[in-house]
Amino acid sequence: MPTDQDHVTRTIELAEEAVEAGNTPFGALLAVDGEVRREARNTTRTDDDVSAHPELKLARWAGSALSSEELADCTMYASTEPCPMCTAAIHYAGIDRVVFGVAGETLHELTGGGIPIPADEVIRRADGDTVVEGPIATEAAMAVHESFFGA
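A quick note: this is a predicted structure, and the numbers were derived from the prediction, not measured.

K.L.:
Is there a simple way to explain the layout of surface pockets in this structure?
P.N.:
By rolling a water-sized probe across the atoms, one finds the places where empty space is left. The volume enclosed by the largest pocket comes to roughly 540 Å³. Forming the boundary of the largest pocket are 27 residues, of which Phe26, His53, Cys83, Leu107 and Gly114 lie nearest the centre. Of all the secondary structure elements, the ones that give two or more residues to the lining of the largest pocket are helix H2 (54–65), helix H4 (84–93) and helix H5 (104–111).

K.L.:
Could you clarify how one ought to interpret the sheet that holds strand E1 (residues 27–32) in this entry?
P.N.:
Picture the strands of a sheet paired through backbone hydrogen bonds; they go either parallel or antiparallel. The strand order E2-E1-E3-E4-E5 describes an open sheet built from five strands, whose pairing is mixed. Unpaired on one side and paired on the other, strand E2 (35–41) and strand E5 (131–133) mark the two borders of the sheet. For this sheet, the mean angle separating the axes of adjacent strands, direction not counted, is 15°. Here E1 runs beside strand E3 (residues 74–80); their pairing, made up of five bridges, is antiparallel. Each residue of the ladder has a partner; that of Val32, found in E3, is Cys74.

K.L.:
I would appreciate a short explanation of a negative patch on the surface in the present structure.
P.N.:
Residues Asp33, Glu35, Glu69, Asp73, Asp96, Asp127 and Asp129 make up a contiguous surface patch of negative charge. Note that Glu69 resides in helix H3 (residues 68–72).

K.L.:
Is there a simple way to explain the environment of Pro84 in this structure?
P.N.:
Tracing the sequence through the fold places Pro84 in helix H4. Here Pro84 falls in the buried class, since its relative accessible area comes to 17%. Each C-alpha atom, one on Pro84 and one on Asp129, is 16 Å from the other, the two residues being 45 residues apart in sequence. Non-local contacts of Pro84, meaning those with residues more than four positions away in its chain, are made with Ile115, Ile117 and Val122.

K.L.:
I tried to follow the pairing of strand E4 (residues 97–102) on my own but got confused; where do I start?
P.N.:
Across the six residues that make up E4, a large majority, six, are buried. Of the pairings in the sheet, the one linking E3 to E4 comprises five bridges and is parallel in character. Pairing of Thr75 across the sheet is with Arg97, part of E4. Crossover connection from E3 via H4 to parallel E4: handedness right-handed. Two elements, E4 and E5, share three bridges in a ladder whose sense is parallel. Following the sheet pairing, Val98 is matched in E5 by Val132.

Each value, and the rule that gives it
- Residues numbered from 1 in each chain as written.
- Predicted model: local features only at pLDDT ≥ 70, side-chain atom pairs only at ≥ 80, totals over all residues.
- Heavy atoms only, no water.
- 1 Å grid on protein atoms, 1.4 Å probe; cavity = no way out; pocket = protein on both sides within 12 Å on 5 of 7 lines; lining within 4 Å.
- Points joined across faces, edges and corners; volume = space filled by probe spheres on them.
- Helix = DSSP H or I, 4+ residues; strand = E, 2+ residues; numbered from the N terminus.
- Pairing = 2+ DSSP bridges.
- Axes fitted to C-alpha atoms, helices over the stretch in contact; angles between N-to-C directions.
- Patch = residues over 30% accessible without salt bridge, like charges linked within 9 Å, V, L, I, M, F, W, Y side chains within 5 Å.
- Areas by Shrake-Rupley, 256 points an atom, 1.4 Å probe, with all protein chains shown as cover.
- Salt bridge = Lys/Arg side-chain N within 4 Å of Asp/Glu carboxyl O.
- Lys, Arg positive; Asp, Glu negative; His and termini not counted.
- Charge placed at Lys NZ, Arg CZ, Asp CG, Glu CD.
- Buried < 20%, exposed > 50% of the residue type's maximum accessible area, 1.4 Å probe, protein only.
- Contact = heavy atoms within 4.5 Å.
- Right-handed = clockwise from strand over helix to strand, strands pointing away.

Next comes the structure, spelled out in structure tokens:
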């Protein structure tokens with residue numbers, strides 16, 4: 001059975017694929033009881049859609065396609081900590097757990113962009129139950145960002 005680290009490593013690969021397709025470096029996947037159910041890459045540039053974050057796309061899919069039992073066993077893995085918009089969608093979809101590679105604050109220190117509010121803070125303020133874990137792969141996840149945004 002794949003580990004959290006294995007899944008986050010895959011999301012970093014998805015982030016690299018997003019860059020190859022002309023987008024910014026973000027990737028995510030959903031696993032239910034350890035089994036990958038869906039993957040997504042950032043497509044904000046190629047879709048000309050500021051909301052085409054992989055985490056938001058997956059949360060929307062999960063909220064409509066998964067049963068409440070599946071959502072209770074669902075983990076979203078992300079190369080980078082989900083932004084507040086995506087975290088709110090994760091909360092509303094009812095996804096049980098989030099594991100990410102690098103903290104949003106760390107990325108913010110490099111780029112100066114984004115809204116550096118931690119995902120666990122968004123969940124706490126929403127009175128949510130989603131468990132947020134990370135960062136678990138800062139160096140590997142930041143390598144993709146540093147390559148894209150410049151170190």
